[in-house]
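A structural walkthrough
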Amino acid sequence: MESDFDRQKFPVSGQFPPLDVNALHSLRCIPTSEEIRRTVFSMGKFKAPGPDGLQAIFFYTQWETIGNSACNMVKDIFISPGKIQDINNTLICLIPKEIVHSMKRKKGEIGLMAIKIDLEKAYGRLNWDFVYDTLAYIGFPTNAADIIKSCISTSSMNLLWNGRTTMDFNPTRGIRQGDPLSPYLFVLCIERLSHLIQTAMGAKAWKPIRLKKNGPWLSHLFFADGIFLFMDASLKQAVVVNQVLRVFCDASGQNVSQEKTRVFFSRNVIHVRSKEICDKLGYCMTNDLGGLGIRNLRVLNKAFIMKLGHGILTNRDALWVQVLRSKYNMDDILLPSIGQSTVASNLWRGVTKYWSKILERSRIMIGEGMKTKFWMDKWIPQVDHLASAASAPIPGKVLNHFVVEYVNEGDSWDWPSITP
C-alpha cells in the first residue's frame, strides 16, 4: 500500500502484536449477507442521513425489499474498492478512584501530576496518511487496507444552507463521526501514542507513578472520552510530555487543546512549582476533580448496582445470574427477596443494599400469565400489587391465583371472576 507518510516522523516501530492467521483470513474475505445485515442494524436508527435523506431506520424497516441490493453493492465494493466513491457522501473516564485518592493524600518530596488531554476535533483532524501507515504497520492485508483507504479518502460533503445543498467539496483529512469503522481506526491510531510513551519510559525519560512501593507503574490511561497521563511533577517531565505529544501530533494531525486540557497535582506539590510546570506545559491547573472527567463515584456505583440487579431479574438464563442465584440462595420466583449474608462479597453486599429499590422499580412483564400471581405479584405499573389496591379484601382462596386463570379463551379478561 503506497503512502506519502514519512516514517521518520514517527520513530517507534514493532509494537503492535502480529495478526493471527484467522484474523488475516477474515479481513481478506468478502463479507456474507448476514454480516452486512448485522452491521447495518448496528447503526443508530436516527443518525445523520446521507444526501438521499434516508436514515438507518429506513434500511431497518425496508430490509426485506432492499437487503439483497444493499448486500450486492457492499460485496462489489470489496472486489473493487474504488466504487465506494459513488456513495461516500455526507452532509455536514473515568480515572480509577485509587489514583485520585492516593494523589490527594501524597506526602514526601516527590510530587505527582495527572494530565487530562483534550484533543481538538479528534476525528476530524486525523491524518489519512497516518491511518494508512498504521494499518500497514499492523499488517492489514492490502485489499482490506485499500477498502478502508477508499472509504475515508473518497468522501465528498455538502453543506445544508436554507434547506438547500451547496456544491460538493472534498475533505483532505479526518474520519467520519457515526461511521461504525471510525472508532476502531481512531483507537488503533491513538495506540501509537501509547507506544511513544512506553518508549520514553524504556529510555528512562518518562517517570511514571505508582500508588504503593511494590505496585504497578502507571503512565497513561486511554478512555473513550479522555486521555490521562501520569508522571512525576517536575519541569523535566513537562519537557518530556511536550516532546512526546509533539511527535504524536505532528505525525497524526492531532492537536491538543490548551484551553480544555487540565493538570492535577498531588497535595505535596507546592503552588509555585505547580504554576511553573503548568506554564511549561501550556495547560491550566485544576483543583476541581470534575475537570479531570471524574464523576460522582457514589452515584456511578449505585447506577452500576441497579443495572446489575436488573440483569439478575431479567437474564435468568445467563450463567453469571445462575451462579449468583445459586450461591446466595435466591428464591426461584420472578421478583424474589434477598437477605443479608455475613460471607457475601462486596458486590453482593451492594446488591443487597439497593435490592429494595430495585424491586420497587421493577414490574413483571406478562407473557402467558402462568407464573405471575394476579393479586400478589407486581405487574401493574405504579401499583405494589392488586390486592393492596382492591376496594374490598380478597378471599384467601384466590390470593395465589395466576393471571392466566382470569383470562378467557379469547384473551379477554374474565371480569366476573375478578369482581365477584
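Remember, it's a predicted structure, so these values are computed and weren't measured experimentally.

Side note on the overall build of the chain
Assigned secondary structure in the chain consists of 16 helices and nine strands. Across the 420 residues that make up the chain, the buried fraction comes to 37%. Accessible surface, the chain as shown: approximately 25,700 Å² in total, 54% of it carbon and sulfur.

Description of the nonpolar core
Among the nonpolar cores identified, the biggest contains 52 residues, and Ile 115, Ile 117, Trp 206, Leu 229 and Leu 281 are the most heavily contacted of them. Those residues in contact with Trp 206 that lie beyond four places of it in its chain are Ile 197, Ala 200, Met 201, Ser 219, Leu 229, Phe 230, Met 231, Gln 237, Val 240, Val 241 and Val 244. Ranked by size, the runner-up nonpolar core spans 16 residues in total, among them Tyr 328, Met 330, Ala 344 and Trp 355.

Remarks on helix H14 (residues 346-360)
Since the α-helix packs 3.6 residues into each turn, any two residues three or four apart lie on the same face. Compared with an ideal rise of 1.5 Å per residue, which puts 15 residues at 21 Å, H14 spans 22 Å between its outermost C-alpha atoms and is within 8% of the ideal. Within H14, the axis deviates most sharply at Tyr 354, by approximately 55 degrees. Among all positions in H14, only Trp 348, Gly 350, Val 351, Thr 352, Tyr 354, Trp 355, Ile 358 and Leu 359 are buried.

A look at the sheet that holds strand E9 (residues 284-285)
Taken together, five strands build an open sheet; the order of strands is E6-E7-E2-E8-E9 and the sheet is mixed. The sheet is open, and its two borders are formed by strand E6 (220-223) and E9, each paired with just one other strand. As paired strands, strand E8 (residues 262-265) and E9 are joined by two bridges and run parallel to one another. Opposite Arg 262, over in E9, you have Cys 284 as the bridge partner. The strands touched by helix H10 (residues 235-252) are strand E2 (112-117) and strand E7 (226-232); relative to E7, the strand with the most contacts, the crossing angle is about 145 degrees.

Some details on the packing of H10 against helix H11 (residues 271-281)
In the contact formed by H10 and H11, the axes pass within 9 Å of each other and the chain directions differ by 20 degrees. As the angle between them shows, H10 and H11 are arranged roughly parallel. The hand of the H10/H11 crossing is right-handed. Contact with H10, carried on its side by Leu 235, Ala 238, Val 239, Val 241 and Asn 242, involves Glu 276, Ile 277, Lys 280 and Leu 281 of H11 and no other residues of that element.

A few points about the confidence of the model for the chain
For the chain, the mean per-residue pLDDT works out to 79, and 82% of the residues sit at or above 70. The element-level mean pLDDT for the chain is lowest in strand E1 (residues 89-91), coming to 44, with H10 highest at 96. Under a pLDDT of 50 for its full length, residues 89-96 has, in the predicted model, 38 contacts with residues more than four places off or in other chains.

Let's talk about the environment of Tyr 137
On the secondary structure map, Tyr 137 appears in helix H7 (residues 128-138). Filtering out sequence-adjacent residues up to four positions away, Tyr 137 remains in contact with Val 12, Ser 13, Gly 14, Gln 15, Phe 16, Arg 192 and His 195.

Considering the packing of H7 against helix H8 (residues 142-153)
When two helices pack together, their arrangement is given by the angle between the helix axes and by the axis-to-axis distance. Here H7 crosses H8 at 165 degrees, and the two axes come no closer than 10 Å. On the basis of the axis angle, H7 is roughly antiparallel to H8. Between H7 and H8 the crossing geometry is right-handed. For the pair formed by H7 and H8, the contact residues are Trp 128, Val 131, Tyr 132 and Leu 135 on the first element and Ala 145, Ile 148, Lys 149, Ile 152 and Ser 153 on the second.

As for the packing of aromatic side chains
Applying the stated criterion across every chain, the model contains five aromatic pairs. Taken together, a centroid distance of 4.8 Å and an interplanar angle of 5 degrees make the contact between Phe 41 and Tyr 60 stacked. With Phe 41 in helix H2 (residues 33-41) and Tyr 60 in helix H3 (residues 56-61), this residue pair connects regions lying 19 residues apart in the sequence. On the accessibility criterion, Phe 41 (30% relative accessible area) is partly exposed. Tyr 60 gets classed as buried once you look at its relative accessible area, which sits at 15%. Pairing Phe 130 with Phe 248 gives two aromatic rings, centres 6.0 Å apart and planes at 85 degrees, and the pair type is edge-to-face. Of this pair, Phe 130 sits in helix H7 while Phe 248 is found in helix H10, placing the two residues 118 residues apart along the sequence.

Considerations on unusual backbone geometry
Excluding glycine, a negative phi dihedral is what most residues carry, and trans is how most peptide bonds are arranged. The backbone of Lys 121 shows a phi angle near 45 degrees, a positive value even though the residue is not glycine. By the secondary structure assignment, Lys 121 is in the loop between E2 and helix H6 (122-125). Residues other than glycine seldom take positive phi values, yet Lys 204 does so here, at roughly 65 degrees. With respect to the helices and strands, Lys 204 occurs in the loop between helix H9 (182-202) and E6.

A word on the pattern of salt bridges
One pass over the structure, following the stated rule, counts four salt bridges. The salt bridge involving Glu 34 is made with Arg 37; its shortest N-O contact spans 2.9 Å. With a gap of three residues between them, Glu 34 and Arg 37 both fall in helix H2, about one helical turn apart. One continuous salt-bridge network, built from bridges that share partners, spans Glu 34, Arg 37 and Arg 38.

Rules used in this analysis
Residues numbered from 1 in each chain as written. Predicted model: local features only at pLDDT ≥ 70, side-chain atom pairs only at ≥ 80, totals over all residues. Heavy atoms only, no water. Helix = DSSP H or I, 4+ residues; strand = E, 2+ residues; numbered from the N terminus. Buried < 20%, exposed > 50% of the residue type's maximum accessible area, 1.4 Å probe, protein only. Areas by Shrake-Rupley, 256 points an atom, 1.4 Å probe, with all protein chains shown as cover. Core = buried A, V, L, I, M, F, W, Y, C linked by side-chain atoms within 4.5 Å. Contact = heavy atoms within 4.5 Å. Expected span 1.5 Å × (residues − 1). Bend = angle between axes of the 7 residues up to and from the residue. Pairing = 2+ DSSP bridges. Axes fitted to C-alpha atoms, helices over the stretch in contact; angles between N-to-C directions. Parallel < 35°, antiparallel > 145°, perpendicular 65-115°, else oblique. Left-handed = near helix turned anticlockwise from the far one by under 90°. pLDDT = per-residue confidence, 0-100. Phe/Tyr/Trp six-rings, centres within 6.5 Å; stacked < 30°, edge-to-face > 60°. Salt bridge = Lys/Arg side-chain N within 4 Å of Asp/Glu carboxyl O.

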